[in-house]
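What follows is each chain in one-letter form.
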Amino acid sequence: MRISDISAWTLSSPIDPPQERRFYGGVRRLLKRDAVLVRLETADGAVGFAPGGASSSAMREYFEGASHGGFVDLLESDVADAVAGADADDPGELATRIRDLGLPRLLESQAISAVDVAAHDVWGKAAGAPVYELLAEEAADISTSLPLYASAGMYMEPEGYAEQAAAIQERGFGGYKYRPGLGPDEDRRTLRLLRERVGDGMDLMVDAHTWWKLGERSYTFDEIVALLDDFAEHDPYWVEEPVEPGDHGAYARLAERTDVPLAGGESEESPEGLVALAEDGRVDFLQGDVRHHEGFTGTMRAARHCAGRDVRFVPHNFGTNLGLVANAHLTAAAPETRLLEYPVFGDDVAGMYPFPLAEAVLDTDLDLSDGTLTVPDGPGLGVEVNLDVVEEYPEIEGPWTEFEYDEGVKPGGE
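As recorded in an unreviewed UniProt entry, the protein chain goes by the name Mandelate racemase/muconate lactonizing enzyme family protein, listed as coming from Halobium salinum.

Shown next, in the form of structure tokens:
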């Protein structure tokens, strides 16, 4: 199973007409959603697929000169040359060859991720086993029926969040994650209305990454502490990225000031960063992603680090159904890890915004019912990729989102 070639494509799913979402300081305009699809081939004709990381500034709304296209070019040139001839079932060797390229750490981690996931797909197909069986240290660790929490809610009136949460609850999901950023007072009102609407039978996750991206309107540390004091009355399951991700000290200080569970990790540049956040940042939930943290191999190291400790590993997942399946295999095999993020797309009340590419990328219908995913049990990732999306969703150049700030507001978080 020696690797012979890597192909990759940037795919774009337009949001037409563009959507505008007002936040505390301006308007966010949603233009499209992008994705990277990676195909790895071996000398004997075996093929594996992987979702690609967003760019060298992944998980940010700003690209600063980096792009999906640049990442695709890197995979098809330097990375493909580096891993040519390597065994697909030797993750350590693949990672070493990519590290020898001397890439920036985040970009290196994403490149390793794409190759590692696609190689595991090939490896599983050759072995006749699903990826989760390759990953699990013990059969007792495996659970293929995974509860999902719904990830939606982006910048709307508080009543809109409540209506969306109720619609998602009706679909059988036990958890709802939303993105505040309307200003401290409206953020307080939002969580209160949510709890009133869904009652105690639904977990509420708050993804607060906007709070530190608002430039001159960014919430101060004391404002965040006060917000969490008020949030505690409504029992949030966690508050995610309430402070800037790289500031592990701020996480630790916040943990000293609140009993509200804290979550983070998606923006870490490496598996080592994930472990450091768990150790130094004192988060209650650690959120790695196989697209960004050196694939199955690297992300599993972080998941196993959490086992037996007072921090729970819950994978981040926010993209197409191929990424959902990949993170599901990790979740199925990781010790003490079961919950998985499920982004809800669509143009109805439950959907965040339309993103039909998310489903179109697979020819396989996933077994989703009542907020639960049954992980595909076929060889490799257990799904068939629809390569027609390469023609149907061609790349649209430019950023996927734009920010227009109110007069006098200096943007931050870039």
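Caption draft 1: View of the overall build of the protein chain. When you go through the protein chain residue by residue, the secondary structure sums to 13 helices and 14 strands. Relative to the compact-globule value of 22 Å for 414 residues, the protein chain shows a C-alpha radius of gyration of 20 Å, a close match. Along the longest, intermediate and shortest principal axes, the C-alpha atoms of the protein chain span 60 × 45 × 40 Å. Here the protein chain holds 414 residues, and 60% of them are scored as buried. Considering only contacts in the protein chain between residues 6 or more positions apart, those separated by 24 or more positions represent 73%. Split by element, the accessible area of the protein chain, about 15600 Å² in all, is 43% carbon and sulfur. Computed over 33 positive and 79 negative side-chain charges, the separation of the two mean positions in the protein chain equals 4 Å.

Caption draft 2: Molecular detail of the packing of aromatic side chains. One pass over the structure, following the stated rule, counts 18 aromatic pairs. Three or more aromatic residues joined by ring pairs make a cluster, and in this case those are Phe318, Phe345, Tyr353, Phe355 and Trp400. If you follow arginine 33 out to its NZ or CZ, it ends over the ring of phenylalanine 355, 4.8 Å from the centre.

Caption draft 3: The arrangement of a negative patch on the surface in detail. A cluster of acidic residues, Glu359, Asp363, Asp365, Glu384, Asp388, Glu391 and Glu392, forms a negative patch at the surface. Residue position: glutamate 391 is located in helix α13 (residues 389–392).

Caption draft 4: Representation of the pairing of strand β5 (residues 175–179). Counting buried positions along β5 yields five of five residues, so the element is predominantly enclosed. Side chains Gly175, Lys177 and Arg179 of β5 all project onto a buried face; the interleaved residues Tyr176 and Tyr178 project onto the opposite face, where all are buried too. Across three bridges, the pairing between strand β4 (residues 145–154) and β5 is parallel. If you follow serine 151 over to β5, its bridge partner there is lysine 177.

Caption draft 5: Representation of unusual backbone geometry in the model. Note the cis peptide between aspartate 16 and proline 17, where omega equals 0 degrees. Turning to its location among the elements, proline 17 is positioned in strand β1 (residues 3–23). In this structure, glutamate 294 takes a positive phi of about 65 degrees despite not being glycine. When you line up the elements, glutamate 294 lands in the loop between β9 (285–286) and α10 (295–306). Residues other than glycine seldom take positive phi values, yet glutamate 336 does so here, at roughly 60 degrees. Checked against the element boundaries, glutamate 336 lands in the loop between α11 (321–333) and β11 (340–343).

Caption draft 6: Molecular detail of the environment of alanine 232. Tracing the backbone shows alanine 232 in the loop between α7 (221–231) and β7 (238–240). Accessibility expressed as a relative area gives 44% for alanine 232, which makes it partly exposed.

Caption draft 7: Quick peek at the UniProt feature "domain: Mandelate racemase/muconate lactonizing enzyme C-terminal" (unreviewed entry) in the protein chain. If you check UniProt for "domain: Mandelate racemase/muconate lactonizing enzyme C-terminal" (unreviewed entry), the listed places come out as residues 158–261 in our numbering. Each end of residues 158–261 is marked by a C-alpha atom, and these two atoms are 22 Å apart; helix forms 47% of the span and strand 12%.

Caption draft 8: Examining the pattern of salt bridges more closely. Applying the stated rule across the entire model yields 31 salt bridges. Notably, a salt bridge pairs aspartate 121 with lysine 125, separated by 3.2 Å at the nearest N-O pair. Pair noted here: aspartate 121 and lysine 125 are both in helix α3 (residues 105–127), with a separation of four residues, about one helical turn. For aspartate 121, a relative accessible area of 2% gives the class buried. You can call lysine 125 partly exposed: its relative accessible area is 35%. Taking the shortest distance from any N to any O, the salt bridge between aspartate 406 and arginine 217 comes out at 3.9 Å. Placement of aspartate 406 in the segment after β14 (401–405) and of arginine 217 in the loop between β6 (203–207) and α7 is noted, with a sequence separation of 189 residues between them. Aspartate 406 sits in the partly exposed class, given a relative accessible area of 24%. Each of the salt bridges in this network shares a partner with another, and the network as a whole consists of Arg99, Arg105, Glu108, Glu272, Glu294 and Arg301.

Caption draft 9: The arrangement of the nonpolar core in detail. Counting 123 residues, the largest nonpolar core has Tyr176, Leu286 and Tyr353 as the members making the most contacts within it. When residues no more than four places from it in sequence are discounted, the contact partners of leucine 286 are Gly264, Gly265, Leu274, Leu277, Ala278, Ala302, Cys306, Val311, Arg312, Phe313 and Val314. One finds Met205, Ala263, Phe285 and Val314 within the second-largest nonpolar core, a separate group that totals seven residues.

Caption draft 10: Representation of the packing of helix α9 (residues 271–281) against α10 within the structure. The geometry of α9 relative to α10 is characterised by a closest axis approach of 8 Å and an angle of 15 degrees between their N-to-C directions. Classified by the angle their axes make, α9 and α10 are roughly parallel. Handedness of the crossing formed by α9 with α10: right-handed. When α9 is examined against α10, the residues Pro271, Glu272, Leu274, Val275, Ala278 and Glu279 are found in contact with a partner set consisting of Gly298, Arg301, Ala302 and His305. Split into classes, the residues belonging to the contact of α9 with α10 amount to five nonpolar, two polar and three charged.

Caption draft 11: Structural context of the environment of serine 77. Mapping serine 77 onto the fold places it in helix α1 (residues 68–83). Accessibility expressed as a relative area gives 30% for serine 77, which makes it partly exposed. Sequence separation between serine 77 and alanine 150 is 73 residues; the distance between their C-alpha atoms is 37 Å.

So, how was this worked out
- Residues numbered from 1 in each chain as written.
- Predicted model: local features only at pLDDT ≥ 70, side-chain atom pairs only at ≥ 80, totals over all residues.
- Heavy atoms only, no water.
- Helix = DSSP H or I, 4+ residues; strand = E, 2+ residues; numbered from the N terminus.
- Rg over C-alpha atoms; globule rule 2.2 N^0.38 Å.
- Buried < 20%, exposed > 50% of the residue type's maximum accessible area, 1.4 Å probe, protein only.
- Contact = heavy atoms within 4.5 Å.
- Areas by Shrake-Rupley, 256 points an atom, 1.4 Å probe, with all protein chains shown as cover.
- Lys, Arg positive; Asp, Glu negative; His and termini not counted.
- Charge placed at Lys NZ, Arg CZ, Asp CG, Glu CD.
- Phe/Tyr/Trp six-rings, centres within 6.5 Å; stacked < 30°, edge-to-face > 60°.
- Lys NZ or Arg CZ within 6 Å of the ring centre and 35° of its normal.
- Patch = residues over 30% accessible without salt bridge, like charges linked within 9 Å, V, L, I, M, F, W, Y side chains within 5 Å.
- Salt bridge = Lys/Arg side-chain N within 4 Å of Asp/Glu carboxyl O.
- Pairing = 2+ DSSP bridges.
- UniProt positions renumbered as here; feature names shortened; annotations may be inferred.
- Core = buried A, V, L, I, M, F, W, Y, C linked by side-chain atoms within 4.5 Å.
- Axes fitted to C-alpha atoms, helices over the stretch in contact; angles between N-to-C directions.
- Parallel < 35°, antiparallel > 145°, perpendicular 65-115°, else oblique.
- Left-handed = near helix turned anticlockwise from the far one by under 90°.
- Nonpolar A, V, L, I, M, F, W, Y, C, P; charged D, E, K, R; others polar.

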